[in-house]
Structure formats: structure tokens, C-alpha cells
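Single-letter residue listing:
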Amino acid sequence: GAVVSQHPSWVICKSGTSVKIECRSLDFQATTMFWYRQFPKQSLMLMATSNEGSKATYEQGVEKDKFLINHASLTLSTLTVTSAHPEDSSFYICSVWFTLTGELFFGEGSRLTVL
Amino acid sequence: AQSVSQHNHHVILSEAASLELGCNYSYGGTVNLFWYVQYPGQHLQLLLKYFSGDPLVKGIKGFEAEFIKSKFSFNLRKPSVQWSDTAEYFCAVRSNSGYALNFGKGTSLLVTP
């Protein structure tokens with residue numbers, strides 16, 4: 001069964017609106033989650049590291065005011081794309097760090113299309 | 001700068017052919033190495049990983065990879081591919097000082113019947 005669940009899988013929104021994507025760890029508590037972005041036919045680019053109870057750590061070039069990350073509990077991290085524009089259209093994937101095995105488990109991804 | 005390079009972007013093989021996908025990295029120090037697979041319409045799944053010990057690592061579905069430290073490489077191999085191996089394959093590296101993975105650009109594998 002799934003270890004990491006993302007919702008929604010697909011979202012279409014109008015330019016200027018905000019979209020929230022949820023990432024849930026189903027089988028274990030996760031103090032650290034990661035948000036990746038994947039463009040078509042390209043690799044996964046790390047956007048930020050989400051830490052439970054503290055501010056997220058953003059990678060260089062990622063606007064923290066545009067991509068708001070909240071990790072309010074050990075099983076939930078949210079990514080909010082604020083004032084979305086067509087160039088924000090992408091596949092957003094979260095992953096959860098399983099400390100016992102050093103493995104990352106990935107969510108199914110959320111495809112955002114901004115019109 | 002730290003980077004992960006996958007040399008083959010698109011590979012087309014016939015069933016039963018042997019597969020080798022290249023992966024090189026440029027990291028200093030100790031690294032953890034991973035291969036992930038993404039089947040069409042599905043999420044990323046771990047194929048295999050290397051942390052330490054035997055540099056020849058066996059993963060799921062008959063895949064294996066060999067860590068060659070002197071070449072900074074972690075190539076993925078399978079002796080005989082099947083149609084169901086059609087997928088996107090990603091090499092990923094993590095430095096021992098961090099948690100996040102740095103991914104290569106991926107290799108799209110198409111296995112024809």
C-alpha cells in the first residue's frame with residue numbers, strides 16, 4: 001500500500017489564484033519531508049526541505065513567498081503555490097524520509113496546470 | 001558543484017536484451033547512491049540503494065548496480081529486460097552530510113516486444 005499520499009493528483013486553476021497541495025505520511029511519522037518539482041521529460045528538482053515544527057529550508061532560486069510550505073504535524077506537509085502563473089505549471093512531488101532505512105518514499109505527485 | 005549525470009537519455013531495447021544505464025556523480029566525501037524507477041503514470045519507486053559494503057548491489061526485479069568509487073560511477077544493469085521494464089529511470093545521490101537526494105535527468109527506457 002501507499003506510504004505517502006498526495007492530494008490533489010490534478011489541479012487546474014486560473015492565473016493569480018493560490019493552490020494548496022497536501023502530502024501525508026501514512027505509515028510513519030516524518031519529521032522531514034521534501035518537495036520536488038518535475039518538468040516534462042526532466043529530472044526532479046529539489047525545491048525545499050520541510051521540517052516539522054520549524055520553517056522550511058528552500059533551495060537557491062526557489063521563492064519562499066511564492067511556494068509556502070507548512071509542516072504542522074508529523075504526518076502532514078502542505079505546499080501552497082501563491083498567485084499562480086502559467087510558468088508554475090508543473091508536476092510537484094513530495095517525499096518522506098524514512099530514517100530507519102535511509103530511504104525516501106515518494107508521493108504520487110500533483111500535476112498543476114495554471115491557465 | 002555537486003551533480004549527477006546520466007549519460008543515456010533515451011534507450012530502446014528489444015526484450016531479452018541486456019541493459020546498462022550509466023550514472024556518474026561529482027561529490028566529495030561519502031555518498032549514498034540510489035536508483036529509482038517511474039513507471040508510466042505511477043510514482044517513483046526505489047530499485048536499489050548503496051550505502052556501504054559490497055559495491056555490487058542487487059535490487060528488485062532483477063536489477064543490480066555496481067559502485068565504482070574510483071570512477072564516481074553507479075551504473076544500473078539487468079541481464080535480460082522485459083517489456084514491463086519500460087519506464088523512466090533516475091539515478092540519485094545523497095551526500096552523507098544531508099538528507100535530500102540530488103537526481104540525474106533520468107533515462108527513458110523503451111522495451112519492444
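Residues numbered from 1 in each chain as written. Chains lettered and ligands numbered in written order. Predicted model: local features only at pLDDT ≥ 70, side-chain atom pairs only at ≥ 80, totals over all residues. Heavy atoms only, no water.

Trainee: Honestly, the interface of chain A and chain B in this entry has me stumped. Any pointers?
Mentor: It is common to report an interface's size as the accessible area lost on association of the parts. Contacts between chain A and chain B engage 16 residues on the former and 16 residues on the latter. Sorting the residues of chain A by area buried against chain B places Ser43(A), Trp97(A) and Phe106(A) first, and these three jointly supply 33% of that buried surface. In this structure, the connection of chain A to chain B is made through 0 salt bridges. Joining chain A to chain B, the criterion identifies 3 residue pairs in polar contact (both at pLDDT 80 or more). Put simply, the parts of the chain that give the side of chain A that touches chain B at least two residues each are strand 4 (32-38), strand 5 (44-51), strand 9 (90-98) and strand 10 (103-106) of chain A. (Contact = heavy atoms within 4.5 Å. Buried area = accessible area lost by both parts, 1.4 Å probe. Salt bridge = Lys/Arg side-chain N within 4 Å of Asp/Glu carboxyl O. Polar contact = N/O pair within 3.5 Å; in protein donor to acceptor, adjacent residues only side chain to side chain. Helix = DSSP H or I, 4+ residues; strand = E, 2+ residues; numbered from the N terminus.)

Trainee: Would you explain the pattern of salt bridges in this entry?
Mentor: Charged atoms that come close allow side chains of opposite charge to pair. Residues and elements named next belong to chain B. For the coordinates displayed, the defined rule picks out 6 salt bridges over all chains. A salt bridge links Glu 66 to Arg 77, with the nearest nitrogen and oxygen atoms 3.3 Å apart. Here the residue Glu 66 occupies a position in strand 8 (residues 64-68), and Arg 77 occupies one in strand 9 (residues 73-78), the gap between them amounting to 11 residues. The class of Glu 66 is partly exposed, set by a relative accessible area of 29%. (Buried < 20%, exposed > 50% of the residue type's maximum accessible area, 1.4 Å probe, protein only.)

Trainee: It is not clear to me how the pairing of strand 12 (residues 107-112) of chain B should be interpreted in this structure. Could you clarify?
Mentor: Regular strands place their side chains on alternate faces of the sheet. Residues and elements named next belong to chain B. By the alternation rule, side chains of strand 12 split into Thr 107, Leu 109 and Val 111, which are all buried, and Ser 108, Leu 110 and Thr 112, of which none is buried. Sheet topology places strand 2 (residues 10-14) next to strand 12; 5 bridges connect them, and they run parallel. Within strand 12, the position partnered with His 10 by the bridge is Ser 108. Alignment of strand 10 (residues 87-95) against strand 12, held across 3 bridges, turns out to be antiparallel. (Pairing = 2+ DSSP bridges.)

Trainee: Even after reading the chapter, I still don't get unusual backbone geometry, so can you show me in this structure?
Mentor: Most peptide bonds are trans, and most residues other than glycine sit at a negative phi. Backbone torsion omega between His7(A) and Pro8(A) reads 0°, so that peptide bond is classified as cis. You can see Pro8(A) is positioned in the loop between strand 1 (4-7) and strand 2 (10-13). Its identity as a non-glycine residue notwithstanding, Lys61(B) has a phi of 60°, on the positive side. Mapped onto the elements of the fold, Lys61(B) is located in the loop between strand 7 (56-58) and strand 8. The backbone of Phe72(B) shows a phi angle near 50°, a positive value even though the residue is not glycine. Checked against the element boundaries, Phe72(B) lands in the loop between strand 8 and strand 9.

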